[in-house]
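Coordinates in review
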Amino acid sequence: MVVLIRNLSYLRNLVAINLRFCVSLDFICFVLFQDIINNGKAGTKAQCLKLATDSLREGKSVFIDRCNLDREQRSEFIKLGGPQVEVHAVVLELPAQVCISRSVKRTGHEGNLQGGRSAAVVNKMLHSKELPKVNEGFSRIMFCYSDADVENAVNTYNKLGPMDTLPSGSFGEKKSDTKSQPGIMKFFKKVNALPGSSSNEAANTTHNSNEKTENFRISPAKLGSADVVPTLAFPSISTADFQFDLEKASDIIVEKAEEFLPKLGTARLVLVDLSQGSKILSLVKAKAAQKNIDSAKFFTFVGDITKLRSEGGLHCNVIANATNWRLKPGGGGVNAAIFKAAGPDLETATRVRANTLVPGKAVVVPLPSTCPLHNAEGVTHVIHVLGPNMNPNRPDNLNNDYTKGCKTLREAYTSLFEGFLSVVQDQSKLPKRSNQTAVSDSGEDIKEDSERNKKYKASQDKAVTNNLGSGSLEDTRDSGKKMSKGWSTWALALHSIAMHPERHENVVLEFSDNIVVINDQYPKARKHVLVLARQESLDGLEDVRKENLQLLQEMHNVGLKWVDRFQNEDASLIFRLGYHSVPSMRQLHLHVISQDFESDSLKNKKHWNSFTSSFFRDSVDVLEEVKSQGKANVASEDLLKGELLCNRCRSAHPNIPKLKSHVRSCRSQFPDHLLQNNRLVARPET
């Protein structure tokens, strides 16, 4: 493995990190640092190349510490790669101010790049740098923008054993909106004009206060190309607590991976183990290599299966759980870790699908968007799988019958990979089922939300066509009732689920003859579910009449039941139950939403005001109005354009980020009108 470090004057501190980094890896045993390669003195690129080539021939891995600023400088080192040699780049994109500060303050640098002169060199580097791309020939690129990122890179490589690999792709790159970093250009000019100035003089030099500087904005970091590839991370089944023979297990894993990879398209399979020097990972890697299985589609990975994205830079949308027959938390190992990371949502979602599992079988469980594992790691599904047991101290011991054991283990991997295949197909452009995800009506302008449009359009066209037949949308309403708005295809998703919940088993939390409960796909708070009415002609609140009072009361009672369930998990949660005056999706539905409003899906003024202004009609008020006057009052959509006011103290804020920051710390009492008539549902203080 050749690790290329692109270094923008992070040298003095980084060299120590690099050396610690390399010494801690027993298979990286040669470090090339051009500034000292010539018997402790500066050397040449040719010397670096020769020593790197010689070391690779000796079976060593090489760590090259150079600036490698542009494609041309890197090309000769990349050519050292081959079938048995991976070429990685660790890119150090530290802030310019950090680079300057460290370079001007250091002393005794091997290349004499220190003091005021070094800042001018940094300036030149920034102008000439060319960030690496995978298409240059790199197997993997990892970007670091801070000390924490560097430490993460160190930890990532520290976990590798001699036979382990890391996933291919570009990880962590940020896209900047500008070409220069903040307020440094004038600083560079002054330092450049003072080549003999001391480090203190350079450090204290500032730009003219009247000089206009360009702001430097960075968008949120993305994981890179690997982020969009459907990926299943799975542990070795039955080889830990169930004590299945590792040689036999590794044969079956490779056999089944080879069988299923052609069916999976671009999707990937990743065998994960937490242990350094894991024998099962080494066996599987060696046997997969012997069969020439594509290492970009099937590889091993060392890490915590519940933190692959946050700690390892590997995004796996599906993870497998080596579970117990009861499908319950507890025990140790992977099962306990996954249930703990996912929280109560996983156990609840699992019970919807199955109560027990027999050896050799698997069950696919979609995670609600409120699940911590979904939010933190991007995991959309957990696949529970149960393998054969060879441990005499565990239930259903096979008494060392490996004929039956191998058959059961093959069945387990077949069931696991078939489950993953079904998820891949469901989430593709041509899904197997009409709908795979929960849906949302939170006041979002979905016409402007291309992500949701894509999800709904493909999955709902067929369902809508089946439900509507050849008639127009207006024909679907009861006779004599004029439609209040023209519903787009995506806007009929809730109607489809309400009318046919059995077709949407992956998203339905519960249903009866009169109601269906689902998670809001784009929740606007920590807890946010929808209670749908299963009655035709009830598109929204304006359609409600006195004859619907019993249905409204049932929806309210079901909502309270879910509030009680959520508050059993977290007694501090406070809820409101209510309706939007004018819904953006067809089918009457009650929002059950916690009042923390902690959600990345809450993005704009319309989202906020749809839940915190009088546009949101409390369920208790709707019940009273329908009972007394035969219909509910609805508010104008103009309220959605109002000021951004705190839902507690009602202070005004200029934008959503500042509002959210305020709301997180605001402990004011809720407005008086919300404290009346049970509009807020909170657990009484004990």
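Calculation notes
- Residues numbered from 1 in each chain as written.
- Predicted model: local features only at pLDDT ≥ 70, side-chain atom pairs only at ≥ 80, totals over all residues.
- Heavy atoms only, no water.
- Helix = DSSP H or I, 4+ residues; strand = E, 2+ residues; numbered from the N terminus.
- Buried < 20%, exposed > 50% of the residue type's maximum accessible area, 1.4 Å probe, protein only.
- Contact = heavy atoms within 4.5 Å.
- Polar contact = N/O pair within 3.5 Å; in protein donor to acceptor, adjacent residues only side chain to side chain.
- Pairing = 2+ DSSP bridges.
- Lys, Arg positive; Asp, Glu negative; His and termini not counted.
- Salt bridge = Lys/Arg side-chain N within 4 Å of Asp/Glu carboxyl O.
- pLDDT = per-residue confidence, 0-100.
- Axes fitted to C-alpha atoms, helices over the stretch in contact; angles between N-to-C directions.
- Parallel < 35°, antiparallel > 145°, perpendicular 65-115°, else oblique.
- Arc of directions from axis to C-beta.
- Phe/Tyr/Trp six-rings, centres within 6.5 Å; stacked < 30°, edge-to-face > 60°.
- Lys NZ or Arg CZ within 6 Å of the ring centre and 35° of its normal.
- Core = buried A, V, L, I, M, F, W, Y, C linked by side-chain atoms within 4.5 Å.
- 1 Å grid on protein atoms, 1.4 Å probe; cavity = no way out; pocket = protein on both sides within 12 Å on 5 of 7 lines; lining within 4 Å.
- Points joined across faces, edges and corners; volume = space filled by probe spheres on them.

The name given to the chain in an unreviewed UniProt entry is HIT-like superfamily, with Arabidopsis suecica as the source organism.

1. Here's the deal with the environment of Asn609
Along the polypeptide, Asn609 turns up in helix α19 (residues 605–612). Given a relative accessible area of 3%, Asn609 falls into the buried group. Sequence separation between Asn609 and Leu640 is 31 residues, and the spatial gap between their C-alpha atoms is 5.1 Å. Contacts of Asn609, omitting those with residues within four sequence positions, involve Phe615, Leu639, Leu640, Lys641, Gly642 and Glu643. A distance of 3.1 Å separates the side chain of Asn609 from the backbone oxygen of Leu640, its partner in a polar contact.

2. As for the pairing of strand β15 (residues 528–533)
For β15, the tally of buried residues reaches six of six residues, placing the bulk of the element in the interior. Of the two faces of β15, both are covered, the one formed by His528, Leu530 and Leu532 as well as the one formed by Val529, Val531 and Ala533. In the sheet, strand β14 (residues 515–519) pairs with β15 via five bridges, with the strands oriented antiparallel. Residue pairing in the sheet places Ile515 in a bridge with Ala533 of β15. Bridge analysis of β15 against strand β17 (residues 589–594) gives five bridges, and the strand direction is antiparallel. Residue pairing for β17: Val529 is matched across the bridge by Val592.

3. Thoughts on the side chain of Asp596
Here Asp596 lies in the loop between β17 and α19. Arg526 is the oppositely charged side chain nearest to the buried, salt-bridge-free Asp596, at an N-O distance of 4.6 Å. From its side chain, Asp596 meets the backbone nitrogen of Arg526 in a polar contact 3.0 Å long. Aside from chain neighbours lying at most four places away, what touches Asp596 is Ala525, Arg526, Leu573 and Val663.

4. With respect to the confidence of the model for the chain
Considering every residue of the chain, the mean pLDDT works out to 75; 70% of them sit at 70 or more. Here residues 177–227 is a poorly scored stretch, pLDDT under 50, and it has 81 contacts once near neighbours within four places are set aside; other chains count. Confidence drops under pLDDT 50 across residues 429–485; counting only partners more than four residues distant or on other chains, this segment forms 126 contacts.

5. Quick notes on the packing of helix α12 (residues 333–342) against helix α13 (residues 344–353)
Orientation of α12 relative to α13, taken along the N-to-C sense of each, is 105 degrees, at an axis distance of 5 Å. Relative to α13, α12 is oriented roughly perpendicular. Contact with α12, carried on its side by Ile338, Phe339 and Ala342, involves Pro344, Asp345, Leu346 and Glu347 of α13 and no other residues of that element.

6. Looking at the pattern of salt bridges
This structure, assessed with the given rule, holds 18 salt bridges. Notably, a salt bridge pairs Arg526 with Asp570, separated by 2.7 Å at the nearest N-O pair. Separated by 44 residues along the polypeptide, Arg526 in the loop between β14 and β15 and Asp570 in the loop between α18 (549–569) and β16 (575–580) bring together distant segments of the chain. A network of salt bridges, in which partner residues are shared, links Glu247, Asp251 and Lys287.

7. Considering helix α21 (residues 656–665)
Among the residues making up α21, those that are buried are Ile656, Leu659 and Val663. For α21, the buried positions fall inside an angular range of 60 degrees around the axis, keeping them on one side. Turned more than 90 degrees off the buried face of α21, the exposed positions are Pro657, Lys658, Arg664 and Ser665. Packed against the buried residues of α21 are α19, β19 (644–645) and β20 (652–653). Backbone nitrogen of Lys658 and a side-chain oxygen of the N-cap are separated by 2.9 Å at the start of α21; the cap is Asn655.

8. A word on the packing of aromatic side chains
Going through the model one piece at a time under the given rule, you end up with 10 aromatic pairs. Here Phe244 and Tyr402 contribute two aromatic rings whose centre-to-centre distance is 4.9 Å and whose plane-to-plane angle is 75 degrees, an arrangement assigned as edge-to-face. Of this pair, Phe244 sits in the loop between β7 (231–234) and α9 (246–260) while Tyr402 is found in helix α15 (residues 402–426), placing the two residues 158 residues apart along the sequence. With relative accessibility at 17%, the residue Tyr402 sits in the buried group. Geometrically, the ring pair formed by Trp562 and Phe566 is tilted, given 5.8 Å between the ring centres and 50 degrees between the ring planes. Of this pair, Trp562 and Phe566 are both found in helix α18, four residues apart, which corresponds to roughly one turn of the helix. Of the two residues, Trp562 and Phe566, both sit in the buried class. The structure contains a cluster of three or more aromatic residues connected by ring pairs, namely Phe234, Phe260, Tyr413 and Phe417. Looking at Arg565, its charged tip hangs above the ring of Trp562, at a distance of 4.1 Å from the centre.

9. Structural notes on the nonpolar core
As a rule of thumb, soluble globular proteins bury nonpolar side chains together. Within the largest apolar cluster, 40 residues are counted, with the highest numbers of intra-cluster contacts made by Leu232, Phe234, Leu269, Phe298, Tyr413, Leu416 and Phe420. The set of elements that each furnish at least two residues to this core consists of β7, α9, β8 (268–273), α10 (279–290), β9 (298–302), β10 (318–322), β12 (381–385) and α15. When residues in this core are grouped by element, the largest group, 11 residues, is from α15. Excluding its chain neighbours within four sequence positions, the residues that come into contact with Phe420 are Pro230, Thr231, Leu232, Leu264, Ala267, Arg268, Leu269, Val318 and Ile383. By size, the runner-up hydrophobic cluster in this structure holds 27 residues, among which are Leu552, Val558, Tyr579 and Val681.

10. Some remarks on empty space enclosed by the protein
Evaluated as defined, the whole model comprises seven cavities of 30 Å³ or more. Space inside the largest cavity adds up to approximately 110 Å³. Around the largest cavity, the lining residues are Asp345, Thr348, Ala349, Pro368, Thr370, Leu509, Asn519, Val529, Trp562, Arg565, Phe566 and Glu569. Contributing elements (two or more residues each) for the lining of the largest cavity: α13 and α18.

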